[in-house]
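Residue-level listing of the chains:
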Amino acid sequence: PPPRLLRRQRQMCIRDRLSVLFGQLAGLLTFAALRRLGFSAAICVSAAALFLFQPDVVVAAAGGMETMLVVALMAGSFFALSARRNAAAVLLCALLVIARIDGILWASIVLLLVCWERPGSTHRYLLLFCAAVAPWAVFAQLYFGSVLPHSVIAKSAIGSAGEPLDELETLAAHMRWFIGAAGFCTEPLKRGSDSLIALAATLLLALAGIVTIVRKPVRPALLAIALFPPLLCVAYYLGRTPRIFPWYLVPPLWCVSILIVIGAANGWAVVRDRSHLRPIRRFALGVCIGSLLLALLLHLPSAGLRELAHQERMQRYEEGLRREVGEWLAANTPEDATVATEAI
C-alpha cells in the first residue's frame, strides 16, 4: 500500500484504541463517582457493567468516533460533582462542549446545579467556563468561519425538517427512536420476543431510579443523571435531530444505565424494609423485581448477537461494494479527480 494509506491506517488504529480506552475510563469514573455518593460496590459495578456491555456501546467504542470521549467527559464531570470539585466539573463541561456541540445541554445542567449549590460563586464558574471555551470558539470562527460545527449544518438537512412538530406521528417516531437510549431496539417486536419485555423492564426501573433520586435529599451529581435523558429527548425533538445516527443515544444510555441500577437497588430495599408483609406478598414483590432484572440480563446476550449479525452484514457491504467502487475509481479516474461520497 502507498505510504499515505499506511499512515491513515495507523491513525485509525490509534483512534480506535483511544475510543476503547475512553469507554473504559467512563466505566471507572462511573464506579468511583457512585462509590463517593455512598452506593455499595455491587451497585457501582452493576451500573458500569450494564453500560459497557450494551451492544450500542461496544459498537461506539470500536467505531473510533468522539462518542466515548463525550461519555468520558460526562463521567468525569459526574465524578467531580460527587467529590464536590465544582471547578473541575465546570472545566470538564467546557471540554465536553468543544468535543461535541450537543454536550452543551449536560454542561448547562451541571452549571445550573453548581451555581444553585453555591450561588455566591456563580460568576466565577461562568467565567471559568467561558475562558475554557473561548480559545476554541475564536479559532473556529477565524478558521472555519463558524463557531457552529459544519456537521450540525449538514445533518440539519437530513433531519426531519419537513415534519410538523405538532403531529402525533412525528412525536411517536421520535419517542420510538429515543427510547433506544435504553439500549434496546426501538421496534422490539422486530428484534425478538425478549425485546419488548426488556424494554418495559428498562423503563420501569429507570423511572424508579428517577423517583428514588428526586425523593431523597437532593445531590447535584445524581440530579444531573436524572435530568439529562428527558431534557435531551425534548431538545432533540425540538431541534429535529436526524434519527438515523444511533451513537447520539449513547450518552443518555450512560445515564439510563445508572438509573436502572439505582431503581433496582431501591426496589430490593423496599422488599427488605417491608419484610413485615405477609410472605406471599413479599414473595410477589421479590419475583416482580427479580423478573425485571432477569429480563435485562437475558436480553443483553441476545441483543449482542443480533448486533453482531448486523455489523457483519455492514462489514461485508464495506468490503464488497465500497471497496470495489474505490478500486474502480482508482483505476479509471485521473489522480487529481474529486469524488463525492455520501459520508460527511
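Above this text is the structure in question.
Everything quoted here is computed from the prediction, not taken from an experiment.

As for a nonpolar patch on the surface
- Together, Leu 91, Leu 95, Ile 98, Trp 136, Phe 139, Tyr 143 and Phe 144 make up a nonpolar patch on the protein surface, roughly 660 Å² of accessible area in all.
- Contributing elements (two or more residues each) for the nonpolar patch: α5 (86-99) and α7 (122-143).
- By the element assignment, Phe 139 lies in helix α7.
- Owing to a relative accessible area of 38%, Phe 139 belongs among the partly exposed residues under this scheme.

Digging into the packing of aromatic side chains
- Within the structure shown, the criterion is met by 14 aromatic pairs.
- The interplanar angle of 45 degrees and the centroid separation of 5.8 Å between the aromatic rings of Trp 177 and Tyr 236 together place this pair among those described as tilted. Highlighted residues: Trp 177 in helix α9 (residues 168-178) and Tyr 236 in helix α11 (residues 220-238), separated in sequence by 59 residues.
- Look at Trp 177 and you get buried, because its relative accessible area is 8%.
- Looking at Tyr 236, the relative accessible area reads 6%, which means it is buried.
- The interplanar angle of 55 degrees and the centroid separation of 5.5 Å between the aromatic rings of Phe 245 and Tyr 248 together place this pair among those described as tilted.
- Of the aromatic side chains, those joined through ring pairs into one cluster are Trp 177, Phe 178, Tyr 236, Phe 245, Trp 247 and Tyr 248.

Structural notes on the pattern of salt bridges
- Applying the stated criterion to the full structure yields four salt bridges.
- Two residues, Arg 15 and Asp 16, come together in a salt bridge whose shortest N-O distance is 3.5 Å.
- Glu 117 is paired through a salt bridge with Arg 84; the nearest N and O atoms lie 2.3 Å apart. Taken together, the positions of Glu 117 in helix α6 (residues 104-117) and Arg 84 in the loop between α4 (67-82) and α5 put the pair 33 residues apart, joining distant regions of the chain.

Brief notes about the environment of Ser 156
- Within the element layout of this structure, Ser 156 appears in helix α8 (residues 150-156).
- Residues Ser 156 and Pro 242, 86 residues apart in the sequence, show an inter-C-alpha distance of 7.2 Å.

Rules used throughout
- Residues numbered from 1 in each chain as written.
- Predicted model: local features only at pLDDT ≥ 70, side-chain atom pairs only at ≥ 80, totals over all residues.
- Heavy atoms only, no water.
- Patch = residues over 30% accessible without salt bridge, like charges linked within 9 Å, V, L, I, M, F, W, Y side chains within 5 Å.
- Areas by Shrake-Rupley, 256 points an atom, 1.4 Å probe, with all protein chains shown as cover.
- Salt bridge = Lys/Arg side-chain N within 4 Å of Asp/Glu carboxyl O.
- Helix = DSSP H or I, 4+ residues; strand = E, 2+ residues; numbered from the N terminus.
- Buried < 20%, exposed > 50% of the residue type's maximum accessible area, 1.4 Å probe, protein only.
- Phe/Tyr/Trp six-rings, centres within 6.5 Å; stacked < 30°, edge-to-face > 60°.

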